Amino acid sequence: MTSENPFGQVLVALVTPMTADGEVDWAGVEKHIDDVISSGADGIVVTGTTGETSTLTDPEKIKLVEVGKDVAAGRAKIITGGGSNETAHAIELYKHSEQAGADGIMIVTPYYNKPTQAGILTHFRMVADATDLPVILYDIPGRTGVPIKYETILRLAKHPNILAVKDAKGDFSEVSRVLNQTDLLYFSGDDANVLPHLSIGATGLIGITANIAPAPYRQMIDAVNAGDLATATAAHQQLEPLVRAVMTHVPGTVAAKYILHGLGRIGSPRVRLPLVGPEEWEAALIEDEIDLVTGIPGADFHNFRPDRNAAAGGALPKVAGTTR
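The structure presented is a predicted model; accordingly, all values stated were derived computationally and were not measured.

The rules behind the values
Residues numbered from 1 in each chain as written. Predicted model: local features only at pLDDT ≥ 70, side-chain atom pairs only at ≥ 80, totals over all residues. Heavy atoms only, no water. Core = buried A, V, L, I, M, F, W, Y, C linked by side-chain atoms within 4.5 Å. Buried < 20%, exposed > 50% of the residue type's maximum accessible area, 1.4 Å probe, protein only. Contact = heavy atoms within 4.5 Å. Axes fitted to C-alpha atoms, helices over the stretch in contact; angles between N-to-C directions. Helix = DSSP H or I, 4+ residues; strand = E, 2+ residues; numbered from the N terminus. Parallel < 35°, antiparallel > 145°, perpendicular 65-115°, else oblique. Left-handed = near helix turned anticlockwise from the far one by under 90°. Nonpolar A, V, L, I, M, F, W, Y, C, P; charged D, E, K, R; others polar. Phe/Tyr/Trp six-rings, centres within 6.5 Å; stacked < 30°, edge-to-face > 60°. Lys NZ or Arg CZ within 6 Å of the ring centre and 35° of its normal.

Caption draft 1: Here's a closer look at the nonpolar core. Judged by nonpolar contacts, the single largest core of 102 residues is most densely connected at Ile44, Tyr217, Met220, Leu242, Ile259, Ile290 and Phe301. Residues contacting isoleucine 290, with those up to four places away along its chain left out, are Leu242, Ala245, Ile259, Phe301 and Phe304.

Quick look at the structure:
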């Protein structure tokens, strides 16, 4: 990590461990953050999509930043994700996150509203203006309904606080185009395509599977930094069945929690509604993929004990989600 990259390279899109009744398991959060940092992560994105941001309350989001900073103790950067599809609310959240000690912010394209590119440009600029923290733009049209177009990215790249993009579009030609035309850092937002992204100049990853296995991503990044394609490719191939288990059959948050609980790494696989745990046939598919995972450092699947009953359904927390 250098002064030109204030975020790190192996960033975990952190799940938010919860109790069986859907309340945040704060001791579990602390343990999980410490686990992934100890295994090679140098950045943690809390309150992102994987962290179930849309069903977290604002106080929970701010506390996740505070807890992350305390546990990281300088070992990794704490980035606050999520945001809001209301610009005023997003500004408020990120100001509070900065006060809580966040090292950076990741702003998702406003979702559901389907703004024009002018609206997207204005949203990002106003949020970036409201904080002194470095900004990652999060481009994921599959969830937000609209992409950040190339021309918009070029204009946003001129903002002094906007330093990076998390790319979940999978358009490699556009990634190359933006890298050629701007100084933006690129982070892979697609677990299956981390190595291809790195091979064309991406800086790092913000990954879901890294909740389970940060170490091979650390190995991959270090190998790419050293120009060792063979070692990077070996890590990519080793991760492939685990990535498929996490990313293919149910939402990544659901699968990651199911697997982490089966490994004994979190106390419950519970997610908040409208997410629910895997159905029997989905759990069977995840477990079939896990049977193909071998030799991943820090993840001993010989002791994998999934609990379909514990994962079933979803929780309705006592306090309703995003509040102002």
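Caption draft 2: Representation of the packing of helix α1 (residues 26-38) against helix α2 (residues 58-72) in the model. Running from N to C, α1 and α2 point in directions that differ by 45 degrees, and their axes come no closer than 10 Å. Here α2 runs oblique to α1, going by the angle between their axes. In this structure, α1 meets α2 at a crossing whose hand is right-handed. From α1, Trp26, Val29, Glu30, Ile33, Asp34 and Ile37 reach across to α2, where they touch Glu60, Lys63, Leu64, Val67, Gly68, Val71 and Ala72. Residue classes in the contact of α1 with α2 are distributed as 8 nonpolar, 1 polar and 4 charged.

Caption draft 3: Main features of the side chain of glutamate 174. For glutamate 174, the position within the fold is in helix α7 (residues 172-181). Overall, the relative accessible area of 15% leaves glutamate 174 in the buried class. Not counting residues up to four positions away in its chain, the partners in contact with glutamate 174 are Ile148, Tyr150, Ile153 and Lys169.

Caption draft 4: Geometry of the packing of helix α9 (residues 214-225) against helix α10 (residues 229-247). Running from amino to carboxyl end, α9 crosses α10 at an angle of 155 degrees, the nearest separation of the two axes being 8 Å. For the element pair α9 / α10, the angle class is roughly antiparallel. Note on packing geometry: the crossing formed by α9 with α10 is left-handed. Counting all contacts with α9, which are made through Pro216, Tyr217, Gln219, Met220, Ala223 and Val224, the residues of α10 involved are Thr231, Ala232, Ala235, His236, Gln238, Leu239 and Val243.

Caption draft 5: Examining the packing of aromatic side chains more closely. Evaluated as defined, the whole model comprises 2 aromatic pairs. Where phenylalanine 7 meets phenylalanine 187, the ring centres are 6.0 Å apart and the plane angle is 85 degrees; that geometry is what we call edge-to-face. Placement of the pair is phenylalanine 7 in the segment before β1 (10-13) and phenylalanine 187 in strand β7 (residues 185-188), with a sequence separation of 180 residues. Of the two residues, phenylalanine 7 and phenylalanine 187, both sit in the buried class. Taking 5.8 Å as the distance between ring centres and 65 degrees as the angle between the ring planes, the aromatic pair formed by phenylalanine 301 and phenylalanine 304 counts as edge-to-face. The same class applies to phenylalanine 301 and to phenylalanine 304, which are both buried. The ring of tryptophan 26 has lysine 63 sitting right over it, with the charged end atom 4.4 Å from the ring centre.

Caption draft 6: Quick peek at unusual backbone geometry. Cis peptide bonds are those with omega within 30 degrees of zero, and the linkage from leucine 273 to proline 274 qualifies with 15 degrees. Within the secondary structure, proline 274 sits in the loop between α11 (252-262) and α12 (280-290). One non-glycine residue with positive phi stands out, namely alanine 73, at about 50 degrees. Inspection of the secondary structure assignment puts alanine 73 in the loop between α2 and β3 (77-80). Here tyrosine 112, not a glycine, exhibits a phi torsion of approximately 70 degrees, which is positive. Its location among the elements puts tyrosine 112 in the loop between β4 (104-108) and α4 (117-129).

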